[in-house]
Amino acid sequence: MNPLSPEKILVVDDDSNLLKLIRLRLELAGYEVATALDEGEAIAQARKEVFDLSIVDLKLVQSDGISLMEEMHSINPAMPVIILTAHGSIESAVEAMRRGAFNYLNKPFDPQELLFQIKRAIENQKLVSEVSRLEGALKERYDFKNIIARSEKMRRVLERVSRVAGTYSTVYISGESGTGKEIIAKAIHYASERRNKAFVAINCAAIPETLLESELFGHEKGAFTNAIRTYRGLFAQAHEGTIFLDEIGDMPLSIQAKLLRVLQERKFYPLGSGRAVEVDVRVIVATNKDLEAEVRRGLFREDLFYRIHVVPIDLPPLRKRKEDIPPLAEHFIGEISKRMKKNIRGISAMAMQKLMLHDWPGNVRELENTIEHAAAITRHDIINEDIILPRKDLPAEPLRPLKEAVEDFKRGYLVRLLEFTKGNVSKAADLAGRYRADFYNLLKKHDVKPEDFKNLGKKEKPQPT
Ligand SMILES: Nc1ncnc2c1ncn2[C@@H]1O[C@H](COP(=O)(O)OP(=O)(O)OP(=O)(O)O)[C@@H](O)[C@H]1O
Ligand SMILES: [Mg+2]
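Residues numbered from 1 in each chain as written. Chains lettered and ligands numbered in written order. Predicted model: local features only at pLDDT ≥ 70, side-chain atom pairs only at ≥ 80, totals over all residues. Heavy atoms only, no water.

This part is about the overall build of the protein. Across its full length, the protein holds 18 helices and 14 strands. Overall, the C-alpha framework of the protein stretches about 90 × 55 × 45 Å when taken along its three principal axes. The buried share among the 465 residues of the protein stands at 43%. Considering only intrachain contacts with a sequence separation of at least 6, the fraction spanning at least 24 residues in the protein is 69%. Total accessible area computed for the protein in this model is approximately 25800 Å², and 52% of it derives from carbon and sulfur atoms. The distance from the centre of the 72 positive side-chain charges to the centre of the 69 negative ones in the protein is 7 Å. (Helix = DSSP H or I, 4+ residues; strand = E, 2+ residues; numbered from the N terminus. Buried < 20%, exposed > 50% of the residue type's maximum accessible area, 1.4 Å probe, protein only. Contact = heavy atoms within 4.5 Å. Areas by Shrake-Rupley, 256 points an atom, 1.4 Å probe, with all protein chains shown as cover. Lys, Arg positive; Asp, Glu negative; His and termini not counted. Charge placed at Lys NZ, Arg CZ, Asp CG, Glu CD.)

For the rest of this paragraph, the subject is the domain arrangement of the protein. Domain boundaries in the protein define domain 1 (8–130), domain 2 (160–316), domain 3 (320–393) and domain 4 (402–453). Placing a centre on the C-alpha atoms of domain 1 and another on those of domain 2 gives a separation of 52 Å. (Domains from an automatic or database assignment.)

Ordered by their spatial adjacency, 5 strands build an open sheet running β2-β1-β3-β4-β5, and the pairing between neighbours is parallel. The open sheet has two free edges, formed respectively by β2 (32–36) and β5 (103–107), since each of these has just one partner strand. Going from strand to strand, the sheet's axes swing by 20° on average, the running direction of each strand aside. Direction of pairing for strand β3 (residues 53–57) relative to strand β4 (residues 81–86): parallel, over a ladder of 4 bridges. For Ile55, the partnering residue across the bridge sits in β4 and is Ile82. Each of β1 (8–12) and β2 touches helix α2 (residues 39–48); the most contacted strand, β2, lies at about 145° to it. (Pairing = 2+ DSSP bridges. Axes fitted to C-alpha atoms, helices over the stretch in contact; angles between N-to-C directions.)

Here the structure, examined in full by the defined rule, presents 7 aromatic pairs. Between Phe217 and Phe235, the aromatic rings sit 5.5 Å apart at their centres with planes inclined by 20°, giving stacked as the arrangement. One end of the pair, Phe217, is in helix α8 (residues 209–217); the other, Phe235, is in helix α9 (residues 234–237), with 18 residues separating them in the sequence. Here Phe217 falls in the buried class, since its relative accessible area comes to 3%. Ring geometry for Phe217 and Phe268: centres 5.5 Å apart, planes at 45°, overall tilted. Here Phe217, found in helix α8, pairs with Phe268, found in strand β9 (residues 267–268); they are 51 residues apart in sequence, far enough to count as distant. Just as Phe217 is buried, Phe268 falls in that class too. Taken together through their ring pairs, the aromatic side chains of Tyr172, Phe305 and Tyr306 make up a single cluster. (Phe/Tyr/Trp six-rings, centres within 6.5 Å; stacked < 30°, edge-to-face > 60°.)

Counting 31 residues, the largest nonpolar core has Leu216, Phe235, Ile243, Leu245, Ile248 and Ile308 as the members making the most contacts within it. Those elements that place two or more of their residues in this core are β7 (199–203), α8, α9, β8 (242–246), α10 (253–265), β11 (282–287), α11 (291–296) and α12 (302–308). If you tally residues by element for this core, the top one is α10, at 5 residues. Beyond its immediate stretch of four places on either side in the chain, Ile308 contacts Thr170, Val171, Tyr172, Ile248, Leu263, Val285, Leu291 and Phe300. (Core = buried A, V, L, I, M, F, W, Y, C linked by side-chain atoms within 4.5 Å.)

Here's what the structure looks like:
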């Protein structure tokens with residue numbers, strides 16, 4: 001924001017005369033003022049604009065000022081709020097402070113006192129954000145590198161991570177998709193004494209049942225038709241290190257039985273081998289399914305569930321820790337602009353507001369993709385709201401046959417990949433999780449030409465049709 005532009009204050013009171021009076025005084029003092037007579041109006045304003053401070057009457061028509069303050073904080077957590085109380089209601093004043101108000105003033109209040117409190121609140125807020133920026137910089141150096149955790153919920157997760165890192169216990173990470181299960185699994189490994197040994201990850205949902213067993217435990221040459229040579233398997237590769245079994249809920253029952261035995265005895269038999277292999281491996285598992293429900297449905301072994309459910313870590317969805325959105329967004333902007341070699345300095349206040357109001361069904365990964373997309377298409381050094389989550393404002397599309405919609409999506413996706421990688425097919429295939437040859441076929445099928453993306457920026461971008 002421009003440091004020279006006036007600070008914006010939102011005043012909420014159901015007494016229109018008092019509103020007028022406050023507006024007058026604040027405008028005289030050089031502030032930009034918006035007013036609201038009730039909760040609905042106040043929230044509408046707070047969604048539309050980013051205020052530096054809000055003054056809220058404790059007694060409002062539909063609810064109380066404290067609830068309104070909390071609702072406004074869910075949109076803009078950093079905005080200081082001053083609560084106006086009727087003379088003598090000290091209890092509610094204390095309650096207001098406890099729930100996040102910066103301060104309170106008794107009515108009738110001295111105008112000078114109001115101005116003084118406003119100045120103090122805004123200055124304080126600037127200090128707080130500067131300190132948290134510096135703290136963030138320090139943390140990044142000494143703490144968990146690259147893990148953003150401003151919310152209380154995530155800080156508790158990190159505390160738990162540091163407490164279990166030094167132990168041998170199996171860790172059970174649960175959370176919706178994109179909440180950071182893998183990044184936390186890695187953090188545990190790198191905070192442990194095993195950090196210089198291997199961290200081996202496998203996605204149990206991505207590998208067919210017939211291959212999963214030999215992938216995990218290895219095989220002897222000739223153990224099955226395609227076993228041309230002996231393979232050690234991932235458990236052996238993770239010896240003295242950590243193995244991360246991702247999407248463990250998708251592990252077939254037959255393999256669950258073998259895994260259970262490994263966890264109990266810390267040894268296993270490669271396919272086709274009569275010789276037991278002993279390993280010292282730290283096991284971390286992750287799931288986005290409700291495994292207890294899977295146990296009840298008979299799809300997951302109960303004994304295995306208890307074996308792995310030793311230290312549970314539950315990652316909260318992003319919508320329940322919105323304070324993490326601003327630092328995450330800044331973190332991703334930094335990373336992505338470095339990667340894209342673009343000099344993007346930040347994000348506009350309105351764009352940030354839009355991020356705060358979104359529900360994030362895809363969690364941190366969706367936020368990362370949103371920022372990445374915006375960073376790719378922005379023509380300025382600041383990401384503005386018009387390119388953040390733009391789909392929301394578009395009129396709903398008419399419904400089309402699934403096949404047609406899917407084909408369109410695929411083409412648009414390929415175009416985005418190539419825009420981002422500037423026509424580098426290997427990189428694009430990598431990002432899409434496809435083999436190169438496979439990916440070439442996809443491009444051909446959808447008539448997308450990598451050459452068209454090699455000089456992006458120098459000429460018009462091809463548009464998905
Ligand atoms: N707290 C965080 N700080 C910084 N980056 C994060 C954080 N949480 C997640 N990310 C990033 O978001 C993306 C998704 O995280 P990750 O892959 O760990 O999630 P996941 O829960 O394993 O997702 P899925 O269920 O889809 O496998 C990654 O790029 C990761 O680096
Ligand atoms: Mg994952």
